[in-house]
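Report on the structure
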Amino acid sequence: MGVQPPERSAAAPPPAPAALAAKVRTLAPSMTRSMQLVAEAVAGDPAGCAALTVTGLAELTGTSEATVVRTARLLGYPGYRDLRLALAGLAAHQESGRSPAVTADIAVDDPIAEVVAKLAFDEQQTLADTAAGLDTVQLGAAVAAASTARRIDIYGVGASSLVGQDLAQKLLRIGLIAHAHTDPHLAVTNAVQLRAGDVAIAITHSGSTGDVIEPLRVAFDRGATTVAITGRPDGPVSQYADHVLTTSTARESELRPAAMSSRTSQLLVVDCLFIGVAQRTYETAAPALAASYEALAHRHSPRSTR
């Protein structure tokens with residue numbers, strides 16, 4: 001990727017206590033094993049860990065004080081003291097009556113009713129985690145940029161391309177110029193035409209999809225405002241994103257690949273982005289949306305019977 005581009009956005013504030021567990025689930029796969037031990041401990045027993053000093057937590061997890069501090073910083077806290085405060089807040093939140101989330105893998109011989117129940121529970125948890133971890137400051141900045149954009153380009157491949165197409169058609173229906181690019185070559189050639197005042201949005205669960213990162217990098221270099229929707233905020237795609245919108249990382253199983261859970265969280269972020277834009281452009285968005293409904297109304301009318 002070459003030299004890392006200059007910073008174009010302010011650092012995100014530390015996550016709220018209620019978002020800590022979601023943050024752990026999102027970042028744990030990219031942590032070292034020793035950092036995972038610390039993260040799992042604080043998410044599993046926030047009240048107990050909140051009572052420990054940095055030395056005590058290091059001893060509990062069989063790691064070092066430096067590892068504890070690095071884990072706290074990776075989770076978004078300036079230091080261990082800030083993490084302890086968040087843990088105390090999370091413990092109080094859990095004791096207020098909210099039961100801990102427990103998910104179960106879908107087995108090949110599960111009856112369909114149980115499959116429905118398990119999937120519904122996992123989808124709810126994914127949405128809750130995404131909502132808790134979503135940085136509304138970053139979201140607001142992305143909404144503001146998209147609301148006044150001359151043009152909006154969206155990049156995604158595989159399951160993420162379906163989410164990109166969903167966002168593009170929503171924006172088109174409120175009168176904005178938006179294109180979802182699934183062909184990596186066309187994505188790059190279109191990104192070359194972007195400039196300041198345009199917006200480029202990359203959707204990649206892994207944060208490392210080359211076919212998505214390349215056009216975003218080109219758009220970044222051309223001066224467009226860039227947005228990454230990703231489950232790995234520390235991934236390569238974030239190097240070229242002015243604004244990062246983090247999605248939840250649900251547990252993957254044999255019968256439930258990552259594409260399913262990532263799509264659920266991506267669609268929530270996309271809907272939040274779209275509603276924010278529609279609110280800011282309401283005077284033009286409402287008539288455009290009404291016109292699109294009217295243009296398609298005849299296709300939904302009951303067919304006359306003979």
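Quick note: structure is the one above.
The structure contained in this document is the topic of the report that follows. Small disclaimer: the values here were computed from a predicted structure and weren't measured. (Residues numbered from 1 in each chain as written. Predicted model: local features only at pLDDT ≥ 70, side-chain atom pairs only at ≥ 80, totals over all residues. Heavy atoms only, no water.)

Description of the overall build of the protein
Quick note on the threshold: We count a stretch as a helix when DSSP gives it H or I for four or more residues in a row; a strand needs E for two or more, and each element gets its number in order from the N terminus. Relative accessible area decides the class of each residue, using a 1.4 Å probe on protein chains only: under 20% of the type maximum gives buried, over 50% gives exposed, and in between gives partly exposed. Contact criterion: two residues are considered in contact whenever any of their non-hydrogen atoms come within 4.5 Å of each other. All accessible areas in this document rest on Shrake-Rupley with a 1.4 Å probe, and a residue is counted as covered only by the protein chains that are shown.
Helix and strand counts for the protein stand at 13 helices and 5 strands. Scored against the burial criterion, the 306 residues of the protein give a buried share of 44%. Taking contacts inside the protein between residues at least 6 apart in sequence as the whole, the part at least 24 apart equals 72%. Looking at the protein as shown, the accessible area adds up to about 15400 Å², and 57% of this sits on carbon and sulfur atoms.

Remarks on the nonpolar core
Selection rule: For the purposes of this section, nonpolar cores are sets of buried Ala, Val, Leu, Ile, Met, Phe, Trp, Tyr and Cys residues that join through side-chain atoms within 4.5 Å.
Ranked by size, the top nonpolar core spans 29 residues in total, and within it Ile 152, Ile 154, Leu 167, Leu 171, Ile 174 and Ile 201 carry the most contacts. At the level of secondary structure, the elements contributing two or more residues to this core comprise α8 (136-147), β1 (152-155), α9 (159-173), β3 (199-204), β4 (225-230) and α12 (258-280). In this structure, Ile 154 is in contact with Gly 164, Leu 167, Ala 168, Leu 171, His 179, Ala 180, His 181, Ile 201 and Ile 203, ignoring residues within four places of it in sequence. Ala 41, Leu 57, Ala 86 and Leu 90 belong to the second largest nonpolar core, which has 22 residues in total.

Remarks on the packing of helix α2 (residues 33-44) against helix α5 (residues 65-74)
Selection criterion: Interaxial angles span 0 to 180 degrees and are taken between N-to-C directions of axes, which are lines fitted to C-alpha atoms, for helices over the stretch in contact. For this classification, under 35 degrees means roughly parallel, over 145 means roughly antiparallel, 65 to 115 means roughly perpendicular, and everything else is oblique. Note on residue classes: Ala, Val, Leu, Ile, Met, Phe, Trp, Tyr, Cys and Pro are nonpolar, Asp, Glu, Lys and Arg are charged, and everything else, Gly too, is polar.
Closest axis-to-axis distance for the α2/α5 pair is 9 Å, and the angle between their directions is 70°. Between α2 and α5, the angle falls in the class roughly perpendicular. Here Ser 34, Met 35, Val 38 and Ala 39 of α2 come into contact with α5, specifically with Thr 67, Val 68, Arg 70, Thr 71 and Leu 74. Taken together, the residues of the contact of α2 with α5 sort by class into 5 nonpolar, 3 polar and 1 charged.

Here's the deal with empty space enclosed by the protein
Rule in force here: Definitions used throughout: a 1 Å grid over protein atoms alone; a cavity as a set of points that fits a 1.4 Å probe which cannot get out; a pocket as an open set with protein on both sides within 12 Å along at least five of seven lines; a lining residue as one with an atom within 4 Å of a point. Grid points are joined across faces, edges and corners, and a volume is the space filled by probe spheres set on the points.
If you walk through the whole model with that rule in mind, you get 2 cavities of 30 Å³ or more. Along the wall of the largest cavity there are 10 residues; nearest its centre are Ala 22, Thr 26, Asp 129, Gly 133 and Thr 246. Of all the elements in the fold, those that place two or more residues in the lining of the largest cavity are α1 (20-27) and α7 (112-133). Here the residues of the lining of the largest cavity sort into 2 nonpolar, 6 polar and 2 charged. In this model, the second largest cavity occupies a volume close to 30 Å³. Taken together, Ile 154, Tyr 155, Gly 156, Ser 160, Ser 161, Gly 164, Gln 165, Ala 180, His 181 and Thr 182 form the lining of the second largest cavity. When residues of the lining of the second largest cavity are traced back to their parent elements, those giving at least two are β1, α9 and β2 (178-181). The biggest single contributor to the lining of the second largest cavity is α9, with 4 residues. For the lining of the second largest cavity, a count of residues per class yields 3 nonpolar, 7 polar and no charged.

Here we look at the environment of Ala 41
Along the chain, Ala 41 falls in helix α2. Among the residues examined, Ala 41 registers a relative accessible area of 18% and is labelled buried. Leaving out residues up to four positions away in the same chain, Ala 41 has contacts with Cys 49, Leu 57 and Thr 61.

Points about the sheet that holds β3
Formally: Pairs of strands are assigned from DSSP output, requiring at least two bridges between the strands.
The sheet built from 5 strands is open, its strands ordered β2-β1-β3-β4-β5 with parallel pairing. The open sheet is flanked by β2 and β5 (243-246), the only strands paired with a single partner. Pairwise comparison of adjacent strand axes, ignoring direction, gives a mean angle of 15° for this sheet.

Describing the packing of aromatic side chains
As a reminder, the rule being used: Under the pairing criterion, centres of Phe, Tyr and Trp rings, with the six-membered ring standing for Trp, must be within 6.5 Å; the plane angle then separates stacked pairs below 30 degrees from edge-to-face pairs above 60, leaving the rest tilted.
This model, assessed by the stated rule, comprises 1 aromatic pair. Their ring planes at 80° and their centres at 6.0 Å tell us that Phe 220 and Tyr 240 sit as a pair that is edge-to-face. Taken as a pair, Phe 220 in helix α11 (residues 210-221) and Tyr 240 in the loop between β4 and β5 lie far apart in primary sequence, 20 residues in all. Each of the two residues, Phe 220 as well as Tyr 240, counts as buried.

Concerning α11
Here is the rule we go by: Expected helix span is taken as 1.5 Å per residue step, with the number of steps being one fewer than the number of residues.
A rise of 1.5 Å per residue sets the reference length of α11, with its 12 residues, at 16 Å; its end C-alpha atoms lie 16 Å apart and thus fit the reference within 8%. The complete set of buried residues in α11 reads Val 212, Ile 213, Pro 215, Leu 216, Val 218, Ala 219 and Phe 220. Note on α11: the residue one or two positions beyond its end, Gly 223, has a positive phi of about 95°.

Comments concerning the pattern of salt bridges
Proximity of charged atoms lets side chains of opposite charge pair with each other. The test is simple: The salt bridge criterion pairs a side-chain nitrogen of Lys or Arg with a carboxyl oxygen of Asp or Glu, the two atoms within 4 Å.
Scanning all chains against the criterion turns up 6 salt bridges. The salt bridge partner of Lys 170 is Asp 166, with a shortest N-O separation of 2.5 Å. Here Lys 170 pairs with Asp 166, and both are found in helix α9, just 4 residues apart, close to one helical turn. A cluster of three or more residues bridged by salt bridges with shared partners is formed by Asp 166, Lys 170 and Asp 271.

Brief notes about the pairing of β3
Quick reminder of the rule: Look down the strands so they point away from you; if going from the first strand over the helix to the second traces a clockwise path, that crossover is right-handed.
When you tally the buried positions in β3, you get 6 out of 6 residues, the bulk of the element. Of the two faces of β3, the one carrying Val 199, Ile 201 and Ile 203 and the one carrying Ala 200, Ala 202 and Thr 204 are both buried. Alignment of β1 against β3, held across 4 bridges, turns out to be parallel. Residue pairing in the sheet places Tyr 155 in a bridge with Ala 202 of β3. Where the polypeptide runs from β3 across α11 and back to β4, its parallel neighbour, the crossover connection is right-handed.

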